[in-house]
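Residue-level structural notes
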Amino acid sequence: MCQREKMWHKLPCARSELELLFTLCGGQCFRWKKTGNDEWTGVFAHRVWKLSQNSEYILYEFFQGYERESSKRETDTSKRNKSGIRSKGGIMNKTLGDADRNRNDNNHVGLGEEVHKGSTEEELLRKYFQLDVSLADHYEEWSKKDPYFKKSAEKFTGVRILAQDPVENLFSFICSSNNNIARISSMVEKLCVLYGNKIANVDGVAYYDFPPVSALTDPSVEKTLRDAGFGYRAKFINQSACKIMQMGGTRWLEHLQSLPYVEAKTELMKLSGIGAKMPAGVEAPLHNNIPARVEVPPDNSMLHCLTRNLFPTHMEMEVRREPQQMTMEVEDQEEEKEEEGREQVCSCVACRKVNM
């Protein structure tokens, strides 16, 4: 048994039921980073998590209001005791963060405050990865119906849809418009640094919660985010936050979970930056009433995959792009060029912290 397995908490889970690499790095979430050999660090449920796995277990550590120092500094016990109080999972900070981050938003509910307060971290992980759903049963059923899926499933086992915080999921997908995973991840991290509450320092890195909706409603948000490289998405984020608060805050988002899928989709499309394709991506981890068949307008990536594997004689097909979409793509290209030059000189506090 390796040293990691002796020290970390264990959650029984076969690799065939959950593959961290495919699930965390597939583009459905943007807060996870590979921080070691078969190790990922990320944020959800107001905690910082370190995850790894073997054939039988998910191995995990968690930090909530803790200051974790590097292994060299951890050897000095006396220094640790002076800087904080020993507690489960690490060293508890006497102060959790800057005064300007001590904002509370009663409307900001992650996976459900009642879950956070009365549950164990194992239950949080099980809910986040939806481990009560048997992938083996679904893979078997899907493989019988689709020979291409059966072939792909041999290589890509353990791929799951995450039960993400609806606020983080929604605004992350607004950032994803005409974007790539690396740039989306950078934008989401900047949102957290600029407007989220600090959770902990882990291995010398500061981690922040996703901001509450109310923190994104100030008129100054759009300019701040534009200066940080968000482009036209800055306006969408600010306007959507204002609209959500007008509709009742995150309670409105939670209400959508109880609506039929089509009605929930119609409601979501009232938000700025949410088009026809966006609700399916947002609703998948959010909604419990998705029908067996859902019409999802395909983008070019989806169409290329379909034609390459199922309809190779139609490879010349392309999705017709609307003029507004092409305009945004041109603006994105210009922003990316500006961002390349800005990375070296940007004085934005979020850019400085993210790039540290």
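Structural notes, computed from the coordinates. (Residues numbered from 1 in each chain as written. Predicted model: local features only at pLDDT ≥ 70, side-chain atom pairs only at ≥ 80, totals over all residues. Heavy atoms only, no water.)

Right, let's get into the overall build of the chain. Each helix and strand in the chain was counted, giving 18 helices and 10 strands. Counting across all 356 residues of the chain, residues that qualify as buried make up 45%. Sequence separation of at least 24 residues holds for 67% of the intrachain contacts in the chain that already meet a minimum separation of 6. Accessible surface computed for the chain: about 19,100 Å², of which carbon and sulfur atoms make up 52%. (Helix = DSSP H or I, 4+ residues; strand = E, 2+ residues; numbered from the N terminus. Buried < 20%, exposed > 50% of the residue type's maximum accessible area, 1.4 Å probe, protein only. Contact = heavy atoms within 4.5 Å. Areas by Shrake-Rupley, 256 points an atom, 1.4 Å probe, with all protein chains shown as cover.)

Our focus in this paragraph is the nonpolar core. Phe171, Leu191, Leu225, Phe230 and Ile237 are the most contacted members of the largest nonpolar core, which totals 37 residues. Sorting the residues of this core by element identifies helix 9 (166-175), helix 10 (181-195), helix 11 (220-227), helix 12 (233-247), helix 13 (250-256) and helix 14 (261-268) as the ones contributing at least two each. Each residue touching Phe171, except ones within four places of it in the same chain, is listed here: Phe210, Val213, Leu216, Ile237, Ser240, Ala241 and Ile244. (Core = buried A, V, L, I, M, F, W, Y, C linked by side-chain atoms within 4.5 Å.)

Counted under the stated rule, the structure contains 13 aromatic pairs. Both rings, one in Trp32 and one in Phe44, keep their centres 6.3 Å apart while their planes meet at 45°; by these two values the pair is tilted. Linking Trp32 in the loop between helix 2 (20-24) and strand 2 (33-36) with Phe44 in strand 3 (residues 39-44), this pair joins segments that are 12 residues apart in sequence. Since its relative accessible area comes to 6%, Phe44 is described here as buried. Ring plane angle 75° and centroid distance 5.3 Å describe the contact between Tyr139 and Phe149, whose orientation is recorded as edge-to-face. Of this pair, Tyr139 sits in helix 7 (residues 135-145) while Phe149 sits in helix 8 (residues 147-153), and the two are 10 residues apart along the sequence. Chaining the aromatic ring pairs together yields one cluster made of Trp32, Phe44, Trp49, Tyr60, Phe62, Tyr128 and Phe129. Over the aromatic face of Tyr232 sits the side chain of Arg233, whose NZ or CZ is 4.6 Å from the ring centroid. (Phe/Tyr/Trp six-rings, centres within 6.5 Å; stacked < 30°, edge-to-face > 60°. Lys NZ or Arg CZ within 6 Å of the ring centre and 35° of its normal.)

This brings us to the pattern of salt bridges. If you walk through the whole model with that rule in mind, you get 13 salt bridges. The salt bridge partner of Arg126 is Asp132, with a shortest N-O separation of 3.1 Å. Among the residues examined, Asp132 registers a relative accessible area of 67% and is labelled exposed. Between Asp227 and Lys223 there is a salt bridge, and its shortest N-O distance comes to 2.9 Å. With a gap of 4 residues between them, Asp227 and Lys223 both fall in helix 11, about one helical turn apart. Since its relative accessible area comes to 40%, Asp227 is described here as partly exposed. Each of the salt bridges in this network shares a partner with another, and the network as a whole consists of Arg15, Glu19 and Asp38. (Salt bridge = Lys/Arg side-chain N within 4 Å of Asp/Glu carboxyl O.)

Next up on the list: the sheet that holds strand 2. Pairing is antiparallel in the open sheet, where 5 strands are placed in the order 1-5-4-3-2. The open sheet has two edge strands, strand 1 (9-12) and strand 2, and neither has a second partner. Strand-to-strand twist in this sheet, taken as the mean axis angle between neighbours without regard to direction, amounts to 35°. Alignment of strand 1 against strand 5 (residues 57-63), held across 4 bridges, turns out to be antiparallel. Within the sheet, the bridge partner assigned to Pro12 lies in strand 5 and is Tyr57. Those strands touched by helix 6 (residues 121-128) are strand 1, strand 3, strand 4 (47-53) and strand 5, and its axis lies near 75° from that of strand 4. (Pairing = 2+ DSSP bridges. Axes fitted to C-alpha atoms, helices over the stretch in contact; angles between N-to-C directions.)

Here Gln53 shows up in strand 4. Since its relative accessible area comes to 4%, Gln53 is described here as buried. From its side chain, Gln53 meets the backbone nitrogen of Leu20 in a polar contact 2.9 Å long. Not counting the four nearest positions on each side in its chain, Gln53 is found in contact with Arg15, Leu18, Glu19, Leu20, Asp38, Ile58 and Leu59. (Polar contact = N/O pair within 3.5 Å; in protein donor to acceptor, adjacent residues only side chain to side chain.)

A packed helix pair is summarised by two numbers, namely the angle formed by the two axes and the spacing between the axes. Two elements in contact, helix 9 and helix 12, have axes whose closest approach is 9 Å; the angle formed by their N-to-C orientations is 155°. The angle between helix 9 and helix 12 falls in the class roughly antiparallel. Crossing of helix 9 over helix 12 shows right-handed handedness. Note on element contacts: helix 12 touches helix 9 through Arg233, Phe236, Ile237, Ser240, Ala241 and Ile244, opposite Leu170, Phe171, Ile174 and Cys175. Split into classes, the residues belonging to the contact of helix 9 with helix 12 amount to 8 nonpolar, 1 polar and 1 charged. (Parallel < 35°, antiparallel > 145°, perpendicular 65-115°, else oblique. Left-handed = near helix turned anticlockwise from the far one by under 90°. Nonpolar A, V, L, I, M, F, W, Y, C, P; charged D, E, K, R; others polar.)

This paragraph deals with the environment of Ala228. Examined against the element boundaries, Ala228 turns out to sit in the loop between helix 11 and helix 12. Separated by 37 residues in sequence, Ala228 and Leu191 place their C-alpha atoms 9.4 Å apart.

Moving on, we get to the pairing of strand 10 (residues 205-208). Here strand 9 (residues 198-202) runs beside strand 10; their pairing, made up of 4 bridges, is antiparallel. For Val202, the partnering residue across the bridge sits in strand 10 and is Val205. Hairpin connection, strand 9 to strand 10: the antiparallel pair is bridged by 2 residues, and Asp203 has positive phi, about 55°.

We note that Asp38 has phi near 55°; this positive angle belongs to a residue other than glycine. Here Asp38 shows up in the loop between strand 2 and strand 3. Positive phi is not limited to glycine here, since Asp203 has a value of about 55°. Tracing the sequence through the fold places Asp203 in the loop between strand 9 and strand 10. With a relative accessible area of 36%, Asp203 lands in the partly exposed category.

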